[in-house]
Every structure is written in structure tokens, then in C-alpha cells.
Amino acid sequence: WRVINQNDVARKLRSKLIANSTIVSLTSGIYFIDAPQNQAYPYISFFPVSGVPVQLQQGSGILNMHAWQIDIWGQSALTVNQIHTQIATILDNNALGLGSLSEVALKRSSILPMMIEATEQSGNVYHQPLEYVVYSR
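Residues numbered from 1 in each chain as written. Predicted model: local features only at pLDDT ≥ 70, side-chain atom pairs only at ≥ 80, totals over all residues. Heavy atoms only, no water.

Asks: Can you break down the overall build of the protein chain residue by residue, with the values?
Replies: Each helix and strand counted, the protein chain has 3 helices and 7 strands in total. When the helices and strands of the protein chain are placed in sequence order, the string is α-α-β-β-β-β-α-β-β-β. The buried share of the protein chain, taken over its 137 residues, is 42%. Considering only residue pairs separated by 6 or more positions, the protein chain has 61% of its internal contacts joining residues 24 or more positions apart. Working note: accessible area of the protein chain is about 7200 Å², and carbon and sulfur atoms make up 52% of it. (Helix = DSSP H or I, 4+ residues; strand = E, 2+ residues; numbered from the N terminus. Buried < 20%, exposed > 50% of the residue type's maximum accessible area, 1.4 Å probe, protein only. Contact = heavy atoms within 4.5 Å. Areas by Shrake-Rupley, 256 points an atom, 1.4 Å probe, with all protein chains shown as cover.)

Asks: Break down the nonpolar core for me, citing the residues and quoting the values.
Replies: Within the largest apolar cluster, 22 residues are counted, with the highest numbers of intra-cluster contacts made by L13, L17, I44, I70, I87 and L91. Among the elements of the structure, α1 (6-18), β2 (43-48), β4 (64-74), α3 (77-91) and β7 (123-136) are those that each provide at least two residues to this core. Take this core: its biggest share by element is 5 residues, from α3. For I87, the residues in contact, after removing those within four places along its chain, are L17, I23, I44, I70, I72, D92, L130 and Y132. (Core = buried A, V, L, I, M, F, W, Y, C linked by side-chain atoms within 4.5 Å.)

Asks: An account of the pattern of salt bridges is needed here, citing residue identities and associated values.
Replies: Applying the stated criterion to the full structure yields 1 salt bridge. Put simply, R11 and D8 hold a salt bridge, and the shortest N to O gap is 2.4 Å. With R11 and D8 both in helix α1 and 3 residues apart, this pair spans about one turn of that helix. (Salt bridge = Lys/Arg side-chain N within 4 Å of Asp/Glu carboxyl O.)

Asks: Outline α3, listing residues and values.
Replies: Taking 1.5 Å per residue, 15 residues should reach 21 Å; α3 reaches 21 Å between its end C-alpha atoms and fits that length. At the C-terminal side of α3, N93 shows a positive phi close to 55 degrees. (Expected span 1.5 Å × (residues − 1).)

Asks: An account of the packing of aromatic side chains is needed here, citing residue identities and associated values.
Replies: Going through the model one piece at a time under the given rule, you end up with 6 aromatic pairs. Between Y31 and Y43, the ring centres sit 6.2 Å apart and the planes meet at 75 degrees, which makes this aromatic pair edge-to-face. Pair noted here: Y31 is in strand β1 (residues 30-32) and Y43 is in strand β2, with a separation of 12 residues, a long-range link. In this structure Y43 comes out as buried when scored by relative accessible area, which is 12%. Ring geometry for F32 versus F46: centroids 5.4 Å apart, planes at 45 degrees, classification tilted. Residue F32 is found in strand β1, and its partner F46 is found in strand β2; the two are separated by 14 residues along the sequence. Judged by its relative accessible area of 0%, F46 falls in the buried class. Among the aromatic residues, ring-to-ring pairing joins Y31, Y41, Y43 and W73 into one connected group. (Phe/Tyr/Trp six-rings, centres within 6.5 Å; stacked < 30°, edge-to-face > 60°.)

Asks: I'd like to hear about the pairing of β2, residue by residue, with values.
Replies: Within β2, 5 of the 6 residues are buried, leaving the element largely enclosed by the surrounding structure. Inspection of the sheet shows β1 paired to β2 by 3 bridges, in the parallel sense. Paired with I30 across the strands is I44, a residue of β2. (Pairing = 2+ DSSP bridges.)

Asks: Residue-level account of α1, with values.
Replies: Here α1 spans 18 Å end to end across 13 residues, near enough to the 18 Å set by a 1.5 Å rise per residue. Within the span of α1, buried status applies to Q6, V9, A10, L13 and L17. One side of α1 holds all its buried residues, which, seen down the axis, span an arc of 100 degrees. (Arc of directions from axis to C-beta.)

Shown next as C-alpha cells:
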């Protein structure tokens, strides 16, 4: 079995997101786990859904996997959707590139509907959660 280090995954996910000039221009920040309090919108946060890899049978072709959630937060549904499109373009079914683990890849496991998470004085806060599986083949 290979084990994927979640800190390495977090660094690689963040570096892939900040390497995209459109994402950088549309967001005020990209944060592992939590954004700072009173962070300006829109921003991205991401975190592992579970801290323990799911071990599968070797015959399945996948040696281990981790579930990750990427959350897009913003006050414009259009901007949240633009960020979502960029994330899908750079992450869906792409290799993560973890050094010697060249076969580490990303697969989108689900897209939950965009929702209004809260209403603040300045307007609605839209939330688009995306779930990915990071796995090695």
C-alpha cells in the first residue's frame, strides 16, 4: 500500500489553485481548512473530509484514496460559478504531481448545489461545495 500524505496534498492543491491566474484574479484568498475571520469575498477554502485513507483491494486499481472538499464562498453567484469552472478545468481528472508518486490523481466525486449560506448586511453569501477524491493508482 502507498500512503498519501495529506499535508503534501494540501500544498499541491493550493499551488495548483494559485497557479491559475483567473482564480487568483477572482478571489481574495485560498485557504487550507478555514479562512481568516472577516475575510473578504470571494474566497476558496479546502480540507480533507476524512483524516484516514480508505484502503481498497489492490485488484480495484486504486491503492488508497482521500476525500477532499473544496468550498467556494462569494456574494455573486456568477463569480462563484466562474471560480467553479476554473477549478474544474484545472483539477478534474488531472494528476496532482506529488514527486515520486506520479500516479496520484484527482477525480471529482460530487458537486453539491450552490446555495445561499447566509444573508449579511452586504448581501447573500453563496457557497459552492465540490468534493474530490485524491488517489494513487
